[in-house]
Amino acid sequence: MLICCCHGSSDNRQVYIVYMGNLPKGEVSISSLHTSMLQQVLPSNIVGSDVLLYSYHRSFNGFAAKLTKDEAEKLKEKDGVVSVFLSQKRQLHTSRSWDFMGFNRKVKRSVFESDIIIGMLDTGIWPESQSFNDTEFGAIPAKWKGTCQTSANFSCNRKIIGAKYYKADGDFDPSEYKSPRDSEGHGSHTSSTAAGGLVSKASLYGLAKGTARGGVPSARIAVYKICWSIGCDDVDILAAFDDAIADGVDIISLSVGSFFSSEYFDDTIAIGAFHSMKNGILTSNSAGNSGPSLSTITNFSPWSLSVAASTIDRKFVTRIKLGNGEIYEGTSINTFDLKGKMYPFIAGAAAPNTSQGYTSDDSRFCGPGTLDETLVKGKIIFCDYTTYIEGPVEAGAVGVVVQSGRYKDYAFTYGLPHLNLNLNDGRNVLNYVNLTENPTATIFKTTVEDDQFAPFVVTFSSRGPNPATSDILKPDLTAPGVDILAAWSEANCYLQHCSGTSMSCPHATGAAAYVKSFHPTWSPAATKSALMTTAFPMSSENNLEAEFAYGAGHINPAQAAQPGLVYDAGEIDYVKFLCGQGYTPKQLKLITESNFTCSEGTNGTVWDLNYPSFTLSTSPENSIIRVFHRTVTNVGSPVSTYKAVVNASPGLIIQVQPSVLSFKSLGQKLTFVVTVGAEIGNSMISGSLIWDDGVHQVRSPIVAYASLVE
């Protein structure tokens with residue numbers, strides 16, 4: 001999951017993105033404008049159109065081109081340019097999960113659900129999957145302005161109403177489809193999780209049986225294939241955003257990210273999400289899969305929804321029985337049945353492929369080519385650590401046992417019977433292999449068991465705090481993202497279940513679409529607020545990183561459609577926030593359509609952005625006081641009175657003025673002030689503010705922590 005600069009060439013040209021903010025007013029040929037700008041910085045022997053890859057001109061202004069570093073620097077100085085940055089290659093970050101959240105098949109549905117269009121930016125889709133059957137669907141919504149990029153192997157229907165694919169470099173692997181068809185499986189999985197229809201008797205080779213379904217089975221899907229076997233290029237991501245916004249989608253779902261963070265307008269996903277927000281479209285993003293280390297979240301713009309991954313009350317357990325009768329339990333999804341037969345058992349370290357110069361230091365990890373086939377064939381092999389399937393398979397192993405400190409709370413499938421043991425059990429099993437004259441073992445088929453500790457945020461899920469704006473809490477919330485069963489590509493049918501924030505993101509997408517189906521005029525911020533303030537509270541008992549792991553809590557889609565109050569925000573609120581973050585008036589004039597200028601009166605502080613959470617940071621060992629101004633909009637009962645309920649950990653003092661909000665009508669807005677004092681020390685402390693009218697509990701987390709950055 002490395003991120004790298006792409007498209008280098010012999011003349012030192014690489015792909016850069018030139019972001020120019022809003023579309024210019026009036027009758028202007030934007031593509032010609034981009035070509036003209038390029039021509040001004042290119043040598044006379046190169047034509048601008050020859051290096052231009054994309055001209056972004058449907059929803060925002062910008063282009064992608066092959067440039068030298070010097071040419072890119074010259075473009076940075078041009079009038080009308082917000083930012084210039086290298087295109088990067090990003091990587092891709094159900095039968096039970098919706099029921100686990102209390103969102104069952106009988107939940108109240110809006111009659112407008114089939115008018116909701118979800119834009120899925122992913123690896124494409126497998127249209128023949130039963131999840132995308134359009135039998136009971138009516139006409140395509142009139143608001144849809146997109147197209148279907150049909151081909152010999154792909155067509156749309158009344159469920160999948162639009163589809164396009166993007167690959168600026170034109171370099172296709174022979175195994176990939178030059179169409180929106182999904183050759184990887186990831187896009188089909190995320191699409192069906194968000195909006196797949198009901199598929200009865202779904203299972204993974206008999207495991208996890210049930211009815212698979214998406215959050216909004218009646219919603220439509222628009223597919224934007226931006227990811228391929230080697231990753232997802234920034235230039236393609238931005239092109240898909242440009243189209244999706246103009247096509248008329250209601251929600252954008254993007255389970256893609258990088259390993260490191262960028263400033264808001266040097267990041268294609270943040271840029272695309274900003275213009276989506278301006279057009280009334282919420283972008284749902286995966287937090288990333290680089291946890292549990294702190295500050296690893298990479299999708300964190302305040303105008304998008306950042307989603308962590310947590311477990312559901314189902315876990316997959318695989319057991320191994322040794323020749324001495326001892327049984328050990330590990331994690332995996334093993335669908336192979338050895339029927340209890342005992343096989344010879346060997347350690348990878350004892351089977352080095354010496355003919356190729358490998359030693360036991362190599363073969364213990366079971367990498368490709370490191371194992372001696374004559375010693376391994378027909379045996380179960382013990383590997384100290386491996387993510388390789390090739391080594392044991394090519395050596396003819398019957399099964400694989402892996403010793404690793406990872407994969408404790410999520411499972412993988414593999415091409416052989418296998419399981420992953422923790423380090424203590426792994427040590428015991430390895431001792432048996434090494435100290436027994438003729439060791440034997442068998443691996444049992446996986447069983448599905450209840451997980452009494454669920455939900456908790458899985459180890460791989462990226463954590464906060466926010467690396468760009470330390471006083472905005474990220475992630476926003478968590479959703480199911482572990483061992484999720486959903487649709488897959490028949491071109492790659494090896495997997496049907498997945499774990500990752502890629503899986504939690506479409507759960508949040510489906511929940512957001514559900515809310516949108518009841519409240520089609522709500523802004524992206526209002527929809528996000530509804531999801532955050534109704535989330536199930538979570539405890540730091542199972543997640544030491546607390547809110548940095550799960551944000552406002554675990555998503556509660558059934559409750560989110562009726563939140564009572566929402567924290568709303570629009571473009572001008574984010575622009576004021578950006579003023580306070582140090583963006584220049586020149587940049588902001590290009591980004592926003594208004595004649596907005598930064599001034600003392602409009603230079604918004606981060607603490608006054610109308611966000612559904614409250615965060616304050618300071619240096620270690622310091623005390624701090626912050627004042628937050630917030631406004632809530634009444635979307636519950638016309639006449640209602642909310643009382644402030646404060647929960648604070650030791651070291652945290654929270655005051656709310658006024659402590660009672662009395663509403664006389666729907667849509668009425670009332671403002672309040674929260675003053676937070678904290679004695680932080682070297683750690684993090686948290687509390688919450690709940691507005692309670694006896695029917696609705698509108699909950700916001702309050703987090704204070706010691707930041708390592710002054």
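Residues numbered from 1 in each chain as written. Predicted model: local features only at pLDDT ≥ 70, side-chain atom pairs only at ≥ 80, totals over all residues. Heavy atoms only, no water.

In the annotation of an unreviewed UniProt entry, the entry for the protein reads Cucumisin-like, and the organism field reads Gossypium tomentosum. According to UniProt, the comment filed for the protein under the heading Sequence similarities (unreviewed entry) is "Belongs to the peptidase S8 family." (UniProt positions renumbered as here; feature names shortened; annotations may be inferred.)

Asker: I tried to follow the overall build of the protein on my own but got confused; where do I start?
Answerer: The helix and strand inventory of the protein stands at 17 helices and 36 strands. When the accessible surface of the protein is summed, it comes to about 27000 Å², and 50% of that surface belongs to carbon and sulfur atoms. (Helix = DSSP H or I, 4+ residues; strand = E, 2+ residues; numbered from the N terminus. Areas by Shrake-Rupley, 256 points an atom, 1.4 Å probe, with all protein chains shown as cover.)

Asker: What is the right way to look at the pattern of salt bridges in this model?
Answerer: One side chain can pair with another of opposite charge once the charged atoms of both are near each other. A full pass over the atoms with the stated rule returns 21 salt bridges. One salt bridge connects lysine 164 with aspartate 247, and the closest N-O pair in it is separated by 3.5 Å. Of this pair, lysine 164 sits in strand E7 (residues 160-165) while aspartate 247 sits in helix H6 (residues 234-247), and the two are 83 residues apart along the sequence. The pair lysine 164 / aspartate 247 is uniform in exposure class, with both members buried. Here lysine 474 and aspartate 476 are joined by a salt bridge, their closest N and O atoms 2.7 Å apart. Here lysine 474 falls in the buried class, since its relative accessible area comes to 0%. It is possible to trace a salt-bridge network through shared partners that takes in Arg58, Lys164, Asp243 and Asp247. (Salt bridge = Lys/Arg side-chain N within 4 Å of Asp/Glu carboxyl O. Buried < 20%, exposed > 50% of the residue type's maximum accessible area, 1.4 Å probe, protein only.)

Asker: Would you mind going over empty space enclosed by the protein with me for this structure?
Answerer: Roughly 70 Å³ of volume is contained in the largest cavity. Lining the largest cavity are Ser262, Tyr264, Asp267, Ile269, Ala270, Asn285, Thr298, Asn299, Phe300, Ser301 and Ser304. Among the residues forming the lining of the largest cavity, the class breakdown is four nonpolar, six polar and one charged. The wall of the second largest cavity is formed by Asp471, Ile472, Leu473, Val606, Trp607, Tyr611, Ser613, Phe614, Thr615, Phe628 and Arg630. Among the elements of the structure, strand E29 (614-618) and strand E30 (623-634) are those that each provide at least two residues to the lining of the second largest cavity. (1 Å grid on protein atoms, 1.4 Å probe; cavity = no way out; pocket = protein on both sides within 12 Å on 5 of 7 lines; lining within 4 Å. Points joined across faces, edges and corners; volume = space filled by probe spheres on them. Nonpolar A, V, L, I, M, F, W, Y, C, P; charged D, E, K, R; others polar.)

Asker: In this structure, what is going on with the environment of alanine 706? I would like to understand it.
Answerer: Of note, alanine 706 is situated in strand E36 (residues 697-706). Alanine 706 sits 90 residues away from leucine 616 along the chain, and the two C-alpha atoms are 8.8 Å apart. Ignoring anything within four residues of it in the chain, the contact list for alanine 706 reads Thr618, Pro620, Ile680, Gly681, Asn682 and Ser683. (Contact = heavy atoms within 4.5 Å.)

Asker: Teacher, can you tell me more about the sheet that holds strand E25 (residues 477-480) here?
Answerer: The strand order across the open sheet formed by seven strands is E7-E10-E6-E13-E15-E16-E25, and the pairing between neighbours is parallel. Edge positions in the sheet fall to E7 and E25, since each of these pairs with one other strand and no more. If you compare each strand with its neighbour and ignore which way they point, the axes differ by 25° on average. Bridge count between strand E6 (residues 117-122) and strand E10 (residues 220-225): six bridges; the pairing is parallel. Note on E10: the bridge partner recorded for isoleucine 118 is isoleucine 221. Lying on the sheet, helix H5 (residues 186-195) is in contact with E6 and E10; it crosses E6 at an angle near 155°. The strands touched by helix H13 (residues 524-533) within the sheet are strand E15 (282-286), strand E16 (305-310) and E25, with E15 carrying the most contacts at an inclination of about 50°. (Pairing = 2+ DSSP bridges. Axes fitted to C-alpha atoms, helices over the stretch in contact; angles between N-to-C directions.)

Asker: Explain the side chain of threonine 268 to me, please; I cannot follow it from the model alone.
Answerer: Its location among the elements puts threonine 268 in helix H7 (residues 268-278). Here aspartate 234 takes part through its side chain, which lies 2.7 Å from a polar atom of the side chain of threonine 268. Leaving out residues up to four positions away in the same chain, threonine 268 has contacts with Ile17, Phe85, Arg90, Asp234, Ile237, Leu238 and Phe241. (Polar contact = N/O pair within 3.5 Å; in protein donor to acceptor, adjacent residues only side chain to side chain.)

Asker: Can you walk me through the state of the cysteines in this structure?
Answerer: Here, the word disulfide means a covalent bond between the sulfur atoms of two cysteines. Within the structure shown, the criterion is met by three disulfides. Through a disulfide, cysteine 227 is tied to cysteine 232; the S-S separation comes to 2.0 Å. What sets the handedness of the cysteine 227 and cysteine 232 disulfide is the S-S torsion sign, and at about 110° it is right-handed. Side by side, cysteine 227 and cysteine 232 carry an identical accessibility label, which is buried. (Disulfide = S-S within 2.5 Å.)

Asker: It is not clear to me how the packing of H6 against H7 should be interpreted in this structure. Could you clarify?
Answerer: Each pair of packed helices can be summarised by the angle the axes make with each other and by the distance between the axes. Here H6 crosses H7 at 5°, and the two axes come no closer than 9 Å. Classed by the angle they form, the pair H6 and H7 counts as roughly parallel. For the pair H6 and H7, contact is made by Asp234, Ile237, Leu238, Phe241 and Ile245 and by Thr268, Ile269, Ile271, Gly272, Ala273, His275 and Ser276, respectively. Looking at the contact of H6 with H7 residue by residue, the class counts come to seven nonpolar, four polar and one charged. (Parallel < 35°, antiparallel > 145°, perpendicular 65-115°, else oblique.)

Asker: Mind showing me how you'd approach the environment of arginine 220 here?
Answerer: Within the fold, arginine 220 resides in strand E10. Accessibility expressed as a relative area gives 2% for arginine 220, which makes it buried. Separated by 101 residues in the primary sequence, arginine 220 and glycine 119 place their C-alpha atoms 8.8 Å from one another. A polar side-chain atom of arginine 220 sits 2.6 Å from the main-chain carbonyl oxygen of arginine 158.

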